[in-house]
Amino acid sequence: PVEITAFSAGIRSAIATVLTIDRSSSMGVEGKLEGAKDAAATFVGLMREQDQAALVTFDSTVVLLQPFTGDRRALTTQIQALGLGDCTAWYDAVYDSVELIAPLEGRRSVILLSDGIDCRQGLIQRFLGRGSTHTLDEAIGRAQSAGIPVYAIGLGKQATDEVSNEGFDSVKLKRVANDTGGKYTHAPTAAELKELYQSLSVAMQKEYILTYRSPRPTYDGTRRDIAIT
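Residues numbered from 1 in each chain as written. Predicted model: local features only at pLDDT ≥ 70, side-chain atom pairs only at ≥ 80, totals over all residues. Heavy atoms only, no water.

Draft legend 1. Quick look at the sheet that holds strand β4 (residues 62-69). Read from one edge of the open sheet, 6 strands run β4-β3-β2-β5-β6-β7, paired in mixed fashion. In this open sheet, the two edge strands, each paired with only one partner strand, are β4 and β7 (184-187). In this sheet, neighbouring strand axes are inclined to one another by 15° on average, regardless of whether the strands run parallel or antiparallel. Pairing of strand β6 (residues 150-155) with β7, which is carried by 4 bridges, proceeds in the parallel orientation. (Pairing = 2+ DSSP bridges. Helix = DSSP H or I, 4+ residues; strand = E, 2+ residues; numbered from the N terminus. Axes fitted to C-alpha atoms, helices over the stretch in contact; angles between N-to-C directions.)

Draft legend 2. A look at the nonpolar core. Counting 29 residues, the largest nonpolar core has W90 and V94 as its most contacted members. In terms of residue count, the dominant contributor to this core is helix α3 (residues 90-101) (7 residues). Setting aside residues no more than four positions away along its own chain, W90 makes contact with F58, L112, S114, G116, I117, D118, S132, L136, K172, L173 and V176. (Core = buried A, V, L, I, M, F, W, Y, C linked by side-chain atoms within 4.5 Å. Buried < 20%, exposed > 50% of the residue type's maximum accessible area, 1.4 Å probe, protein only. Contact = heavy atoms within 4.5 Å.)

Draft legend 3. Quick look at the pattern of salt bridges. Inspection of the entire model under this criterion finds 9 salt bridges. For the salt bridge of R23 with D59, the shortest nitrogen-to-oxygen distance reads 3.7 Å. Of this pair, R23 sits in the loop between β2 (15-22) and α1 (32-45) while D59 sits in the loop between β3 (52-58) and β4, and the two are 36 residues apart along the sequence. Across the pair E34 and K37 runs a salt bridge, and its minimum N-O distance is 3.3 Å. With E34 and K37 both in helix α1 and 3 residues apart, the pair spans about one turn of that helix. (Salt bridge = Lys/Arg side-chain N within 4 Å of Asp/Glu carboxyl O.)

Draft legend 4. Examining the packing of helix α5 (residues 136-146) against helix α6 (residues 170-180) more closely. Two elements in contact, α5 and α6, have axes whose closest approach is 9 Å; the angle formed by their N-to-C orientations is 25°. Between α5 and α6, the angle falls in the class roughly parallel. For the pair α5 and α6, the sense of crossing is right-handed. Residues L136, D137, I140, A143 and Q144 of α5 form the contact with α6, whose participating residues are K172, R175, V176, D179 and T180. (Parallel < 35°, antiparallel > 145°, perpendicular 65-115°, else oblique. Left-handed = near helix turned anticlockwise from the far one by under 90°.)

Draft legend 5. Structural detail: the environment of K157. Counting through the fold element by element, K157 comes out in the loop between β6 and α6. Assessed through its relative accessible area of 54%, K157 is described here as exposed. Along the sequence, K157 and P188 sit 31 residues apart, while their C-alpha atoms lie 6.2 Å from each other.

Draft legend 6. The arrangement of the packing of α1 against helix α2 (residues 72-80) in detail. Interhelical geometry of α1 versus α2 gives an angle of 175° and a closest axis separation of 9 Å. The angle between α1 and α2 places the two elements in the roughly antiparallel class. Contacts from K37, A40, A41, V44 and G45 of α1 reach α2 at R72, L75, T76, I79 and Q80. In terms of residue class, the contact of α1 with α2 is made up of 5 nonpolar, 3 polar and 2 charged. (Nonpolar A, V, L, I, M, F, W, Y, C, P; charged D, E, K, R; others polar.)

Draft legend 7. Examining the packing of aromatic side chains more closely. Counted under the stated rule, the structure contains 3 aromatic pairs. Measuring from centroid to centroid gives 6.1 Å for F7 and Y208, while their planes differ by 20°, and the two rings are stacked. Here Y208 lies in strand β8 (residues 208-212) and F7 lies in strand β1 (residues 4-9), a separation of 201 residues in the sequence. A relative accessible area of 54% means that Y208 is categorised as exposed. Aromatic pair F43 and Y197: ring centres 6.4 Å apart, planes at 85°, arrangement edge-to-face. Of the two residues, F43 is situated in helix α1 and Y197 in helix α7 (residues 193-205); the sequence distance between them amounts to 154 residues. For the residue pair F43 and Y197, the accessibility class agrees, reading buried in each case. (Phe/Tyr/Trp six-rings, centres within 6.5 Å; stacked < 30°, edge-to-face > 60°.)

Set out below in structure tokens:
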């Protein structure tokens, strides 16, 4: 237990978010991509004047569609222009999104949406040079070193076989969220994404600051998990 030396609420500090959206070919079924675009636009519409966001999309490669901006119209235009691609490389998407946001100051996060398994998982795909160049461990390690939480959303059905690439790998999405201090959520259908993105926006804007002095103030490079009751 530690002594809380200061507490405050209602601080309106700026929030920076990377919206990282899967546009692999499987997103073309059951209205997934259209639902993702609608949900991301809803998130942008809830941004405050001091907030900013960037738009990253991925299939077999990762593309920055919109650098960080507070211009909601520019963000929405790029979101609506999203089209379908090919394979899924979400490890690289996480790594590159963290690289993008790491230099910024203040409150930062990545929201990852995917409906598939990274093509790196398949031996044939890796032989053909498809899928991520980074491993999952590398993506998580980069997020941890930069202090960036990743909010991972699995869209559609959960995979029962990593080799088939049918559905998404909930185990790995949960891991990237839990190990970075984010949160994992499952959205069975695209229709549920809008409410999910709304809840994420509201949660990010509710801010409380607690201050304490660590009983072990020497910085030794280890990660500390803090429980607040």
